[in-house]
Amino acid sequence: MTLSPPQDGLPTRQRFMAIITIALGLTMAVLDGAIANVALPTISRELNASPAQSIWIVNAYQIAIIVSLLSLSFLGDMLGYRRVYQAGLALFIATSLFCAFSTTLSMLTLARVLQGLGGAALMSVNTALIRIIYPQRYLGRGMAINSLVVAVSTAAGPTVAAAILSVASWKWLFLINVPLGAIALWLALRTLPDNQQKTTVQKFDVPSAIMNALFFGLIISALSGFAQGQSHLLVLSEVVVLLVVGGFFIRRQLNMAVPLLPVDLLRIPIFSLSMGTSVCSFCAQMLAMVSLPFFLQNVLLRNEVATGLLLTPWPLATMVFAPVSGRLIERVHAGLLGGIGLAMFALGLFLLAWLPANPGDGDIIWRMMLCGAGFGLFQSPNNHTIVTSAPRNRSGAASGMLGTARLLGQSMGAALVALMFNLFDERGTHVSLLLAGGFAAVAALVSVSRMTADPRLMP
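Residues numbered from 1 in each chain as written. Predicted model: local features only at pLDDT ≥ 70, side-chain atom pairs only at ≥ 80, totals over all residues. Heavy atoms only, no water.

Novice: Would you explain the overall build of the protein in this entry?
Specialist: The secondary structure content of the protein amounts to 19 helices and zero strands. By the compact-globule yardstick of 23 Å for 459 residues, the protein fits well, its C-alpha radius of gyration being 21 Å. Considered along the principal axes of its C-alpha atoms, the protein spans approximately 60 × 45 × 40 Å. When the 459 residues of the protein are sorted by exposure, 62% land in the buried category. Put simply, of all contacts in the protein between residues at least 6 apart along the chain, 85% involve residues at least 24 apart. (Helix = DSSP H or I, 4+ residues; strand = E, 2+ residues; numbered from the N terminus. Rg over C-alpha atoms; globule rule 2.2 N^0.38 Å. Buried < 20%, exposed > 50% of the residue type's maximum accessible area, 1.4 Å probe, protein only. Contact = heavy atoms within 4.5 Å.)

Novice: How should the pattern of salt bridges be read in this particular structure?
Specialist: Between side chains of opposite charge, a pair can form when the charged atoms approach closely. Across all of its chains, the model carries two salt bridges by this definition. D32 serves as the salt-bridge partner of R112, at 4.0 Å between the closest nitrogen and oxygen. In this pair, R112 sits in helix α6 (residues 105-133) while D32 sits in helix α1 (residues 12-34), placing the two residues 80 residues apart along the sequence. Of the two residues, R112 and D32, neither departs from the other in class, the shared state being buried. (Salt bridge = Lys/Arg side-chain N within 4 Å of Asp/Glu carboxyl O.)

Novice: Can you walk me through the packing of aromatic side chains in this structure?
Specialist: Given two aromatic rings, one states the distance between the centres and the angle between the planes to describe the pair. If you walk through the whole model with that rule in mind, you get ten aromatic pairs. On the numbers, 6.3 Å between centres and 85° between planes, the contact of W170 with F174 is edge-to-face. On the basis of relative accessible area, W170 is assigned to the buried category, the value being 3%. Residue classification places F174 among the buried residues on the basis of a relative accessible area of 0%. (Phe/Tyr/Trp six-rings, centres within 6.5 Å; stacked < 30°, edge-to-face > 60°.)

Novice: Would you mind showing me how to read the side chain of N383 here?
Specialist: Topologically, N383 is positioned in helix α17 (residues 361-388). Assessed through its relative accessible area of 2%, N383 is described here as buried. Contact partners of N383, with chain neighbours within four places excluded, come to M143, N146, S147 and L402.

Novice: For this particular structure, what's the right way to read empty space enclosed by the protein?
Specialist: The gaps of empty space that remain are located by a probe, the size of a water molecule, rolled over the atoms. Applying the stated criterion to the full structure yields two cavities of 30 Å³ or more. N126, N146, V150, L402 and R406 are the residues nearest the centre of the largest cavity, which is lined by 13 residues in total. Of all the secondary-structure elements, those providing two or more residues to the lining of the largest cavity are α6, α7 (139-165), α17 and α18 (395-424). Looking at which element gives the most residues to the lining of the largest cavity, the answer is α18, with four residues. Residues belonging to the lining of the largest cavity are distributed by class as follows: five nonpolar, seven polar and one charged. Taken as a whole, the second largest cavity holds about 50 Å³ of empty space. Taken together, 13 residues form the lining of the second largest cavity, with V30, G33, Q62, R406 and Q410 sitting closest to its centre. Contributions of two or more residues to the lining of the second largest cavity are made by α1, α4 (56-79) and α18. A total of four residues in the lining of the second largest cavity trace back to one element, the largest contributor, which is α1. Considered class by class, the residues forming the lining of the second largest cavity number eight nonpolar, four polar and one charged. (1 Å grid on protein atoms, 1.4 Å probe; cavity = no way out; pocket = protein on both sides within 12 Å on 5 of 7 lines; lining within 4 Å. Points joined across faces, edges and corners; volume = space filled by probe spheres on them. Nonpolar A, V, L, I, M, F, W, Y, C, P; charged D, E, K, R; others polar.)

Novice: Just checking my understanding: could you explain helix α11 (residues 232-254) for this structure?
Specialist: Because an α-helix completes one turn every 3.6 residues, residues spaced three or four positions apart along the sequence face the same direction. Counted at 1.5 Å a residue, the expected span for α11 with its 23 residues is 33 Å, and the 33 Å between its end C-alpha atoms agrees. Listing the buried residues of α11 in full gives V235, E238, L242, V245, G246, F249 and Q253. Buried residues belonging to α11 abut α10 (206-227) and α12 (263-266). (Expected span 1.5 Å × (residues − 1).)

Novice: What should I look at first to understand the nonpolar core in this one?
Specialist: Among soluble globular proteins, nonpolar side chains are generally buried collectively. In terms of nonpolar packing, the biggest core is built from 133 residues, with M123, L292, W314, F345 and L349 touching the most fellow members. The element contributing the most residues to this core is helix α13 (residues 269-299), with 17 residues. With residues near it in sequence (within four places) discarded, F345 still touches S281, A284, Q285, W314, C371, G374, F375 and A440. Grouped together as the second largest cluster of nonpolar side chains are five residues, M78, A209, V258 and L260 included. (Core = buried A, V, L, I, M, F, W, Y, C linked by side-chain atoms within 4.5 Å.)

Novice: Explain the state of the cysteines here, please?
Specialist: Note on terminology: disulfide describes a covalent bond linking the sulfur atoms of two cysteines. Applying the stated criterion across every chain yields a total of zero disulfides. With no disulfide of its own, C283 lies closest to C280 among cysteine sulfurs, the gap being 7.3 Å. In this structure C371 is not part of a disulfide, and its nearest cysteine sulfur, from C283, lies 15 Å away. (Disulfide = S-S within 2.5 Å.)

Below is the structure:
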C-alpha cells in the first residue's frame, strides 16, 4: 500500500506511525556507526588486529555510506523516498547477519561495507520523508525528533554496546539488528508516504555516480592512509587522482540541470555554511567517541561495562536538549542557537581533555553531560536550516548532503584518531580530545556567521 500525503503533512495517526518507522531504521543505521567503538579493543584482540587496524571496522561502514549517499538520495528524488528506504532496510538486515558471522578482520570489513550501503539508503532520504510527513508549521518538531535520534544513537553506541557485551559476545552487536530491522521493514511497507513531486528533468547519470564514489572514497582513503602510516607515495597518488576526478566531477555537475552533487544548493550561502558547521561538529564528536573508550579502558583501567555507563550521560543530556532546541527554532535564529550549543560542546571536550590524573566518576559524568547538552542544542536547528533552505522537490538532495556532511565529518574524526594514536602513542587519546575541542570551537564560529548569511531566514 502506498500512502499519498495530503498537501501539508500526514494526518496525526499516520504521522505518528511513519515517524516511528523512520526512527527505528535511522537508529539502527546510525547506531551501527558507533556501536562497535567500545568493542574495538575486544574485536581487535579476537581477530588478531592492531588498534589502528581495527579502526577500519568503523571506517569501512562510514566510507560505504559516503560514496553512495548522494546517488541514493538522487534516486529518492527520482523513484520515491519510500522505495529507497524500504530497499535499504532489507539490505541492512541481511548484511547485519554477515557481520555477525565474520571470522576475520577482512571478512568483517567487507560485511561492514555492504552494511553501509543499506545504511546509506536509510540515511539518504530520512529528512526528505520527514518533510513530507510533517506539516510545515510543525517541521521544526519533526527535525528535532530526527536530530534526537541521530545524536542519541551516535552517542549511545558505547552505552548500548556495553549493555550487550555484559551478557553476550560482540557478534550480538550486529545480530540485534535482525529482529529490530524486521519490525521496521514491516512498518515501512505500511506507513511511509510517497513523494508526489519527483525529479523528471534529469535522469540518473551513471558516470556522475561513479565519479561521486571515487571522489568521496578517495578523500577518506587518503586521509585514513596517511593517518595509519601507509606509503607516502600511495597517499600522494590517491590525492592526485582525487584532484583529477574531483575536477571532472564538479565540472560535469555544473553543466547539469539537476546535479547529483547539488552544487545548486551549495550556492545558497546559509546552506553551505550549515554544511560546514555540520562537518566540523561531527568530526569533533567522532574524535571523542572513538578515543574515549580507549582512554577509559587503557588509561583509567575501567572495564567495558563501566566505560559504557560513564558515557551514558552524553546521550541522556542530548535527549533533554534536542527537543528543547526544536521548539526554540521558531523564536531564536538557528545560527545563534547552534553557536551557543557548539560553544558548550567545545567547553565540555576541553574539560574532558584536562581531567585530573585520577578522576572520580563524577568528574567524568558532568563533563559528558555538558558535551551532550551542547550537541543536542545545536543539531536540530542546523538540520532544519539545511532542509528548509532547499526547494521542496530537492529535499532528497538536501537530505543526502546533510547525511554526507555528517558521515564525512565522522570519517575524518575516526581517521584523525588513528593518526593521533600513531603519532603520540599513549597520549593519542588526550590529543584527540584537544583536537575535538578545536573542531567544535570552529563549528561554533561558523554557526554564528550564519546570522548574516541570509536575512530572509532571520526570525
